[in-house]
Each structure stands twice: as structure tokens, then as C-alpha cells.
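Below, each chain spelled out in residue letters.
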Amino acid sequence: MKQYILLAALAFNFHASADEAAVTTSDASREAYAQPVSALSEVDRARFFKGRGLVRQIWVIPPSENREIAGLGPLYNRISCIACHAGNGRGFSPATANEPMRSMLVRLSIPGADAHGGPKPHPAYGGQLNENGVPGVPGEGRAEVRYTEQAVTLNGGEQVNLRKPSLTFVDLAYGPFPSDMLTSPRIAPPIFGLGLLEAVPESSILALAEAPKPAGIKGRVNRVWDVVQQITVLGRFGWKANMPNLRQQIVGAFVGDMGVTSPLFPDENCTALQTACLKSPSAGKPELNAEQMDATEFYHLALAAPRQRNTDNAEVQRGVVLFRQAQCAVCHVPELKTGDFAKFPILSQQNIHPYTDLLLHDMGDALADLRPDYLANGREWRTPPLWGIGLAQKIEPRAGFLHDGRARTLLEAVLWHDGEGAVSAQAVKRMPAPDRQALFEFLESL
Amino acid sequence: MKPRLWIAFAFLLLLSQLGAAAEKVVVLTSYPQEVVTQFEAAFEQAYPQYRLEVLWRQSRDAMSYLHQPHSPVDVYWTPAQRNFAVLAKEGMFRKLDIDLTGLPKKIGGFQISDPDGFYVASETAGYGMAYHPGALQQLGLPVPSDWKALASPAYNGHVVLPIPSKVGYAPMLVDTLLQGYGWEQGWSVLSQVAANASLADAGATFISDDVGSGRVAVGATIDFFAVSAIANGKPLRFTYPEKVGYSPAHVAIFHEATHIDGAKAFTSFVLSEQGQKLLFHADIRKLPVRPAVYADKPDGYFDPFAAAQRASYNYDMASGLARQELVGAVFDTLIMRHHDALKTMWVALHSAEQKAPNDPNLQEARRHANWLPITAAQANDATLQQIFISRDGIKRDGSAEKLEQQWDAEVVRNYAQATQLAEAVLGGKP
């Protein structure tokens, strides 16, 4: 019971403290996700902007005279980080089958696990469908998204149409998919505030996992492979908490999404069966050098999280209460505290409001991808942080919600909650319309 | 696998690749992602039968790439006007047989499209001054109305100026100023502005970062960096000088293009009303080259065609492009390599001129301060230009460095003399 009271108390505590102001931003413009934490030294400011340059850079197919920005491919999804993370924000799913995945990708695997307990890559296609290849290397194929619509009626008679996506794979260049291929579409998540999440002590996350929770809600940690330490550690980043730390998350995306190798992932993203890919030149070994990798990581570490807005608004304040009453705050934990963070001490000992517990939760059949990822089963997803979510569609008008971007609005996203989230979805459905409006006023203020 | 299955698999593989290739349009560009994203999405929506494949290379790298045999590129679409001029001269482009109605080849006296029709302007950008209203107000400085305003000692320490040999858009900025004011007066203005300024190289920060944060009050820059930042919420403003210089981007189709229909479709789309209006997007903010679309421009958007009717001058684009490296070398000599001496000199000279405006020694000091290593005629000399051109990987030979050493010695001597004369009038250092 004490823990419930603690969670409830946290849900009310949403005003930025003086400390928090140093690591959050009041910028609510379309640049809101691109602001550094305050008080950067001149040296750190230079590192931040260098990292920003690399994140904004469109990468060049080797060979190139511009060695420092060469390395795209041989296989890739998009040509820059911000092609998917526009304005450092979230991506979206295609509206029609004909539209390419512009800020989304499909993870692939076959049943079983790799040597470290992670997904087992397909022998020809690997762990992710790369739709594009450099000249002379066939792209792997395309994923087409189609939707079936279903209507949900809310208390008061409002009808909401939810769209359920299904995938079809076409133009497969390396042979047909096996019947048991596991696929999981994922939109690009926002990339701000990640340093603060990395600074949350593991003990805090474990405590959240162990704390008793109401309404059948559980929550557990993922355990994933750390390529530097060569051990299994707690996972905290990615849609399934399948990445151990920010650095591995970033350079994993560099090689997986753009084919840019790095000191952590020095090999090109070709499988043994992709001969043209294997013969294609690299820009260097690795292509993203250690200094560039450090700058890119630092940029991510130093990106501030947007501060909540309109906190004096009565409807927003009422929405906070409703958020708690609907049990949303049990998983979307409003406040966490960072620990001592030697990598970037500015982030140490900060009370932050990310609205996540960084834990895996069973979200039911409707959201299941049926593709295990380390300990995460096919129904489990990590609670995504909600900070900054009210600005998502200001920054990218087509920004989608949930792992596959199926939800076009926050209301749709809530209504898709099932499994451990069903209690919240039901509560929102039952709410009188003015209460629902207040709840979403609060979410829009984040 | 059995042989028959292998054959079937290979056939399917071939079919799938042929299918994908038939829909492709390969475009080479150096545009930032924000521009690529908007055009890619809108083009593929308007022409769902084509799929855009974007290859990205900076100007010089692009030239090496395009000169390789069997280039896969169909369309060149980028702000790199000298590349277009060179490639057109080499016969790499096919004449554009698409509808170009409503697309003037000039903005006032500024030639923006190829008179021979091998490449055409797809957008342009203008040069001007980004400023932070709060910072200016705090300093008690007016909004600068022209480049000359930034030469005033009042702006000392509050300006940022890009170095043309290091910042991609800056050569045209400097040259439009030199052609606008004339060679001697232009360098004098530049020199005095630079004395007030910190110099920006090709580092990771943009001038809009420095001005937007209020670290610097005014920055000389190309418009879209600042205007896009403004549209996205940065607290800065942008103003154009009376005579605006432009840097057009172009589009052209290669002779060896393998996807001709798609290439034409993309080129037509870029130049269409729909394509031109995409330039108004907050993340882009370039200037359309189709005057008709300005009827739907966002509030306050700059219209270069209207501005050219108010004030224009005949900018010689061919001369500007030809002398780009030479002008950059002169800037490096007069300003970049001797920036501290330059600042000291102009502070002393301006102080002395304020104290004793009619002192005859100050005319002599001005003469030294405005010393130039080459005349306007020499700047347009093809032989001298060639010494400073290092195109296609050919390194400068020693003659450029030898000249620069001679110029350096003269600059040191002239700046020292100007400073001494000014300090003599002041009776010491200011």
C-alpha cells in the first residue's frame, strides 16, 4: 500500500524543481527536442554541436573524398538519423500500402535465440529489413502496411476508429521469407532526454519492478547483451528495452539503419548470403570513428527534455488526478531520480519527470508482435516515456504513437492498451467526455 | 537445392530487381535532410509510379563521382552552381525539354538559369543579416539596414562573419558585396565589418546558433538558415541589404540518365507550383523561382522578384564563379590570417578619425588600411584565377603560396603603418 501511495504522490509532483530546470527546456517550439541542457562548458558545447552535425548528416556512399561522412550502406533503411527522427522526434507509419516506410523499419528474426539470448537473425536477411542498397547491391525488399479499421464507442457516444496494421513483404531480393519468420514493425522513437534515462540507477528500476502494483499490473526488466562488457545486463532503451545503454543503442542504429560501422559494430550489415553486399567497399574500418562516436553519444546525452507546460491550468491539474485514477501513473511513473552519473555529471541527482518505469509490460494480444527479444516476450513492450509527447505532432505533424505508429492520436494510443494496460483503457472509455478532455489536456501539456 | 529450384529462384530474383529498377529515379544532391524529406514525400505522392533514390555528395565529391564511368545518376539537383556550369560545358546534361513557362531566367540583374537551357534554377537563397532583437536592444544598437552599417565601430565585437574559403555559401556572399559596392569599396566595407566580427569557419555551429542564442547580435549569412530557425521558433530576425545577392540552386538531367521519364517527372515536379510551394515549409524557407507562387507566400516572406524591382544591380555570375578561389585567397590574406592586426588597426583608425577627422595623416592611414594585393582587373584574370583553383583533386602548386607570402608581407607592413599613423594622431593606443 505504501508503494501505491508513493506512486500516487509522484503523480501529483509535476512542477519543475530548480534542479530539473537545468536539464529540461522551456522551449515549446519545433526546436524543442533539439535543445541542450543548460550550463554546457565551451568544450561540451563544441562536442554537442559536432554530435548534432553527425546526427543531421546525410551519409555518403563510399568511396568518397569526404571520408569523415562516408559509409552509407551497402544496405540501409534511410540516409541520415534525422530522416527517421525528424526534429529529434518520433516517426510515423505509412498511410497506404504504396507509401514507403520513411521513419519506420521492420525487425526480423526466426524462432530461437542467438548466442546471447537475443533474437536469432534470418540467415539471408539478418535482423532487420533494409529496403535500400547502394548501386549494385539489391535492397532487401519492401514492407507494405495495410490497415483494418475498427470502431470503439466511448462513454457519451463518441466513436473512435482504430486502425490495425498488417504487413506484406514484396520485392524480396534474397528469397522468400520462411513461414515462421518473425517480424516486428517499429517507428523511430524520439531521441531527447535519453541521457537522463541512462542516469537513472539500475537499483531504482529494479525497485520499480519489485514494487507491488494495483490492478494486475506487473512490470519486469529485460536482460540484454552488452557488446562492450561482453556480459548480460539490464536493458533500458528501445521499444522492448532491448538495448543496454545509449551508446550501443546509437551505434546499433548507425549500422542497422544506415550501414555505418563503428568501433562497437565494425562489420558491415551484410549476411553471409548477400554476396554483392559483402563485395561492396567500406569507407573505413570503422566508418564512424571513436571521436565521432563519442560526439554523437554526447549529443544524445546532452539533449534536454521539454518541461511540462500550462501547469497552472485547472483542466491540466484535473487531468493529472484522472491520470492517476486511471492507473496510468503505475507504469508511466511521473518522477524518477537520477544517480551519480560520471559520464556527464550535469545529469546527476536530478528529479526528472519522464513518465516511464523503463519496465516491460504485457500489453495484450492486440499490440503483440509475437517476436521475443531477449526476455521480452511477444506481448511485452517497454513503457515509453511520455515527456515531450504533447509537442510530438507540432514537430512532426504525422508523428505516430505506439511501437508501430498505428495510433494517430494519444486517445487512439490509450484505447489500444490491453493486457496490463487494459484497466487504464477501460477507465478512459468509461470517463465522462469532459474528464477525458481534461486527461488529454494534461497529456498535451507534457 | 535442386537445379530447377535454383533457376526459378534466380528468375524471381531478377524479376524483383527489374521491377524495382523500373520505378527508380536517382537524384544526386547536397541538400540537407529537411529539404530531401519534403520533396521525396511530395514527389512520390504526386507520382506514385516512381521511387526516388537520393544519393548525397558535397559539391567537390560530386564532381569526382559524376566523372566516373557509368554514373547511376539521372538528375542533379543541388545548390552548386559552378558544378552545373562545368558539367554543362562538358556536355554532361541533356537540354531540358520540359515546360519552363513561368520561370524567369533572371531575378532583376541576377542571372539564375543557364541561358542555353541545360540547367535551370530550382530555388534561390539571398544574403543578408540575421540579428537578435533582444541583444541589439540591450546594446542600444539599431537593426542594420545594409552591410555598411555593420562597419560602424558601434558593432565592434557583436558581429559574426563567415570565411569564404571555409564556409560553402560564403564566397557568393562576399562576391555580391564586392560587385555591389565595387572592388575597392567592397573590400573596405568587408575589412571594417570583419574588424567588428568573429570569423566563422565550417565548424559544427551555424551562425543562426550564435545569433539565436544571443551570443552574437548580428551575423552575415544566407537567409534560409536564419529564416527557417525563425519559423521554427528561434528568437532572431533577418534583414536583407538594399542590393540583395542570391545563390541559386539548379536542376538538370544527365545525358546518360537511364530513367528519363522519371527524371523529367522529378524535374518538372521540382519546378511546378506544388514543388515551388514546398520551399515555403518552415524547415526549408528557400526562395521560389516561380514568381506566381509568391501569391500564396507566408506572411512576411521575402519576394526577390518584388525586391529586384525596388533595387537591383547587374551581378556578373560568370565572373563571380570564376574568381571564387582567388577572392577567397584575398579574404584569407587581408582578413583571416591577420585578424588581430586588422582589428587593432581599425579600432585605432576609427578612434583617430573621431578625434581629428581632418588630420591629413589619416588619409594616408586609410590608404594603408585599404591596401589590396590585386586590382579588380587582376581578379578577373584567368591565369591568376587558375593558380588558386584546385579542382578535381589537383593540389595547388607552389605559386599560389608564394603569392600569398608576398601578400602577407605587404599586409603586415600596411596594417602596421596604418596603426602607427592612427596612434600618432591619438597620441598613443586608443
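What counts and how
Residues numbered from 1 in each chain as written. Chains lettered and ligands numbered in written order. Predicted model: local features only at pLDDT ≥ 70, side-chain atom pairs only at ≥ 80, totals over all residues. Heavy atoms only, no water. Disulfide = S-S within 2.5 Å. Buried < 20%, exposed > 50% of the residue type's maximum accessible area, 1.4 Å probe, protein only. Core = buried A, V, L, I, M, F, W, Y, C linked by side-chain atoms within 4.5 Å. Helix = DSSP H or I, 4+ residues; strand = E, 2+ residues; numbered from the N terminus. Domains from an automatic or database assignment. Contact = heavy atoms within 4.5 Å. Buried area = accessible area lost by both parts, 1.4 Å probe. Salt bridge = Lys/Arg side-chain N within 4 Å of Asp/Glu carboxyl O. Polar contact = N/O pair within 3.5 Å; in protein donor to acceptor, adjacent residues only side chain to side chain. Nonpolar A, V, L, I, M, F, W, Y, C, P; charged D, E, K, R; others polar. Axes fitted to C-alpha atoms, helices over the stretch in contact; angles between N-to-C directions. Parallel < 35°, antiparallel > 145°, perpendicular 65-115°, else oblique. Left-handed = near helix turned anticlockwise from the far one by under 90°. Lys, Arg positive; Asp, Glu negative; His and termini not counted.

Caption draft 1: View of the state of the cysteines. All names here are of chain A. Using the criterion set out here, one finds one disulfide over all chains in the structure. In this structure Cys-81 is not part of a disulfide, and its nearest cysteine sulfur, from Cys-84, lies 8.8 Å away. With a relative accessible area of 14%, Cys-81 lands in the buried category. Note on Cys-331: no disulfide assigned, nearest cysteine sulfur contributed by Cys-328 at a separation of 9.0 Å. With relative accessibility at 13%, the residue Cys-331 sits in the buried group.

Caption draft 2: Quick look at the nonpolar core. All names here are of chain B. Ranked by size, the top nonpolar core spans 268 residues in total, and within it Tyr-76, Trp-77, Trp-147 and Trp-187 carry the most contacts. In terms of residues, this core owes the most to one element, helix α19 (residues 398–426), which gives eight residues. Residues lining this core come from more than one domain, with at least three contributed by each of domain 1 (21–124 + 248–310) and domain 2 (323–430). When near neighbours in sequence (up to four residues on either side) are disregarded, Tyr-76 contacts Leu-28, Ser-59, Ala-62, Leu-66, Asn-83, Phe-84, Leu-87, Phe-93, His-250, Val-251, Ala-252 and Phe-254.

Caption draft 3: Fine view of the interface of chain A and chain B. Contacts between the two partners involve 38 residues from chain A and, on the opposite side, 37 residues from chain B. Interface of chain A and chain B: buried area, both sides summed, is about 3100 Å²; carbon and sulfur atoms make up 46% of it. Summed over the three residues of chain A that lose the most area to chain B, namely A:Arg30, A:Ile58 and A:Glu65, the buried surface amounts to 18% of that side. For the pair chain A and chain B, the number of links is nine salt bridges. Between A:Glu65 and B:Arg60 there is a salt bridge, with its nearest N and O atoms 3.2 Å apart. Where chain A packs against chain B, one counts 17 residue pairs in polar contact (both at pLDDT 80 or more). Among the elements that take part in the side of chain A that touches chain B, helix α3 (residues 42–56) of chain A stands out by supplying six residues, more than any other. When the residues that make up the side of chain A that touches chain B are grouped by side-chain class, the tally is 18 nonpolar, eight polar and 12 charged.

Caption draft 4: Structural context of the packing of helix α14 (residues 324–336) of chain B against α19(B). Residue and element names in this part refer to chain B. Remark: α14 packs on α19, axes separated minimally by 9 Å, with the N-to-C direction vectors making an angle of 40 degrees. If you check the angle between α14 and α19, you find them oblique. Viewed along their axes, α14 and α19 form a crossing whose handedness is right-handed. In this structure, α14 uses Leu-326, Ala-329, Val-330, Thr-333 and Leu-334 to contact α19, whose residues at the interface are Glu-404, Trp-407, Asp-408, Val-411 and Tyr-415. For the contact of α14 with α19, a count of residues per class yields seven nonpolar, one polar and two charged.

Caption draft 5: Spotlight on the domain arrangement of chain B. Domain boundaries assigned for chain B yield domain 1 (21–124 + 248–310) and domain 2 (323–430). Between domain 1 of chain B and domain 2 of chain B, the C-alpha centre-to-centre distance is 39 Å.

Caption draft 6: Geometry of the side chain of B:Arg290. Residue and element names in this part refer to chain B. Among the secondary structure elements, Arg-290 is positioned in the loop between α11 (273–278) and α12 (304–310). No salt bridge is formed by the buried Arg-290, whose closest oppositely charged neighbour, Glu-273, lies at an N-O distance of 5.5 Å. One polar contact links the side chain of Arg-290 to the main-chain carbonyl oxygen of Leu-271, over a distance of 2.8 Å.

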